[in-house]
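Here is what each chain is made of, one letter per residue.
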Amino acid sequence: MFPVTERQVAVNDLHHNGARWKDNQTFLASPYKAIVREDTNEVISIVRDTYQLVRNEELIRSLLNQLVGLSTSFRLDPSHSFVQNERMRLQITFPELRMQDSESDIALSLFLHNSYDQSEGVRMYFGAIRSICSNGMIFGDVMAKMYHRHTRGFELSQLSEKLDEAIETFPVINHRIRQLERTPVDAELVDRVEKHISKRLAQQVIEEQELDSISQWKLFNKLTYFGSHDLEQHKRARYQQQIAKVFAL
């Protein structure tokens, strides 16, 4: 929640005169502006005038104000949260809202994203954290989500409705987990994992076990374990999204 502001961008028009460069004039670089971190005076990014700044602080306070009005408990979860000058991700976990597989509870989580460098818009989607191993996962294809571009008016609202929509999908998620637990890994799935997630991890699983001896859910958890414990936090979201697509979650 560090302070950020917008500043005009000035550009020097350099003129070559013989062996020297001269500063001919300075002018404003319309239609651009700078996003600056105020406490350190660092320039975070240069964006077009149409870019509408949505501050992390504004976003987080709006989310927390809605969360405290809910009837369920929540906690700020550092396991898959991170902040950089350019981007941030905040994980909120709801310990009382749980799904299950055959070994562990799986608590519902909400992930909130923002950026100051146009790498992504404001994004909110649901996933989960597996109790037995702290694996983070995203249910990007099944559960409710929200996306907002930085080029129009911003409003984070209807969190209660989005949460209710997510809870309504619990039976669908649990049914899909049971399917994955019963279905062995086959060559087609390995091929999709190699193509969209990681060839090295797919080959590692093949070397460790016979394909028909491991369920698709076991493979899913091997992949999510790697993403939750071996990847840097700012790289996890994209990886988790790819896993969700491959396993139809």
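Bear in mind that the values here come from a model prediction, so they are computed numbers and not experimental data. (Residues numbered from 1 in each chain as written. Predicted model: local features only at pLDDT ≥ 70, side-chain atom pairs only at ≥ 80, totals over all residues. Heavy atoms only, no water.)

Undergrad: Quick one: what's the story with the overall build of the protein chain, residue by residue and with numbers?
TA: Across its full length, the protein chain holds 7 helices and 9 strands. Nonlocal contacts in the protein chain, meaning residues at least 24 apart in sequence, comprise 61% of its contacts between residues at least 6 apart. Element-wise, carbon and sulfur atoms account for 46% of the exposed surface of the protein chain, whose accessible area totals about 13,100 Å². (Helix = DSSP H or I, 4+ residues; strand = E, 2+ residues; numbered from the N terminus. Contact = heavy atoms within 4.5 Å. Areas by Shrake-Rupley, 256 points an atom, 1.4 Å probe, with all protein chains shown as cover.)

Undergrad: Account for the environment of A107, naming residues and giving values.
TA: Tracing the backbone through its elements, the reader meets A107 in strand β6 (residues 105-115). Between the alpha carbons of A107 and R130 there is a distance of 6.5 Å; along the sequence they are 23 residues apart.

Undergrad: Could you give me a rundown of the nonpolar core, with the residues and numbers involved?
TA: Among the nonpolar cores identified, the biggest contains 51 residues, and F94, L108 and F247 are the most heavily contacted of them. Residue contacts for L108: discarding those within four places in its chain leaves I92, T93, F94, L97, M99, F126, G127, A128, M143, L163, A166 and F170. Counting 8 residues, the second largest nonpolar core, distinct from the first, contains V4, I35, I44 and L53. (Core = buried A, V, L, I, M, F, W, Y, C linked by side-chain atoms within 4.5 Å. Buried < 20%, exposed > 50% of the residue type's maximum accessible area, 1.4 Å probe, protein only.)

Undergrad: Can you break down the side chain of R89 residue by residue, with the values?
TA: Looking at where R89 falls in the secondary structure, it is placed in strand β5 (residues 87-100). Of the side chains with opposite charge, E120 lies nearest to the buried R89, which makes no salt bridge, at 7.6 Å. At 3.0 Å, the side chain of R89 and the side chain of H113 are in polar contact. For R89, the residues in contact, after removing those within four places along its chain, are H80, S81, F82, F111, L112, H113, Y125, I138, R236, A237 and Q240. (Lys, Arg positive; Asp, Glu negative; His and termini not counted. Salt bridge = Lys/Arg side-chain N within 4 Å of Asp/Glu carboxyl O. Polar contact = N/O pair within 3.5 Å; in protein donor to acceptor, adjacent residues only side chain to side chain.)

Undergrad: Please give an account of the packing of aromatic side chains that cites residues and values.
TA: Tallied over the full model, the rule gives 5 aromatic pairs. Pairing F2 with Y116 gives two aromatic rings, centres 6.2 Å apart and planes at 70 degrees, and the pair type is edge-to-face. With a gap of 114 residues between them, F2 in the segment before β1 (4-17) and Y116 in the loop between β6 and β7 (122-130) connect regions that are remote in the sequence. We note that F2, like Y116, is buried. (Phe/Tyr/Trp six-rings, centres within 6.5 Å; stacked < 30°, edge-to-face > 60°.)

Undergrad: With reference to specific residues and values, describe helix α2 (residues 159-168).
TA: Taken together, the buried positions of α2 are occupied by L159, L163 and A166. For α2, the angular spread of buried residues about the axis comes to 60 degrees, placing them on one side. Elements that come into contact with the buried residues of α2 comprise α1 (56-67), β5, β6, β7 and α3 (170-182). (Arc of directions from axis to C-beta.)

Undergrad: Any chance you could break down the packing of helix α6 (residues 216-229) against helix α7 (residues 236-246) for me, citing the residues and the numbers?
TA: Think of two packed helices as two axes; the pair is described by the angle between the axes and how far apart they sit. One can describe the packing of α6 onto α7 by two numbers: an axis separation of 9 Å at closest approach and a directional angle of 170 degrees. Relative to α7, the element α6 lies roughly antiparallel. Of the residues in α7, those touching α6 at F220, L223, T224, F226, G227, S228 and H229 are R236, Y239, Q240 and I243. Among the residues making up the contact of α6 with α7, the classes are represented as 5 nonpolar, 5 polar and 1 charged. (Axes fitted to C-alpha atoms, helices over the stretch in contact; angles between N-to-C directions. Parallel < 35°, antiparallel > 145°, perpendicular 65-115°, else oblique. Nonpolar A, V, L, I, M, F, W, Y, C, P; charged D, E, K, R; others polar.)

Undergrad: Tell me what's going on with the pattern of salt bridges, and back it up with residues and numbers.
TA: With the rule as written, the count across this model stands at 12 salt bridges. Between E57 and R61 there is a salt bridge, with the nearest N and O atoms lying 3.1 Å from each other. In this pair, E57 and R61 are both assigned in helix α1, 4 residues apart and thus about one turn of the helix distant. Accessibility expressed as a relative area gives 33% for E57, which makes it partly exposed. Taking relative accessible area as the criterion, R61 reaches 47% and is therefore assigned partly exposed. Between R130 and E103 there is a salt bridge, with its nearest N and O atoms 2.9 Å apart. Of this pair, R130 sits in strand β7 while E103 sits in the loop between β5 and β6, and the two are 27 residues apart along the sequence. You can call R130 buried: its relative accessible area is 5%.

Undergrad: Residue-level account of the pairing of β6, with values.
TA: Of all 11 residues in β6, 10 are buried; the element is thus mostly enclosed. The pairing of β5 with β6 spans 11 bridges and is antiparallel. Residue pairing in the sheet places R87 in a bridge with S115 of β6. Between β5 and β6, which pair antiparallel in sequence order, lie 4 residues. Strand direction decides the pairing type here: β6 and β7, joined by 8 bridges, are antiparallel. Note that in β7 the partner of L108 across the bridge is A128. (Pairing = 2+ DSSP bridges.)

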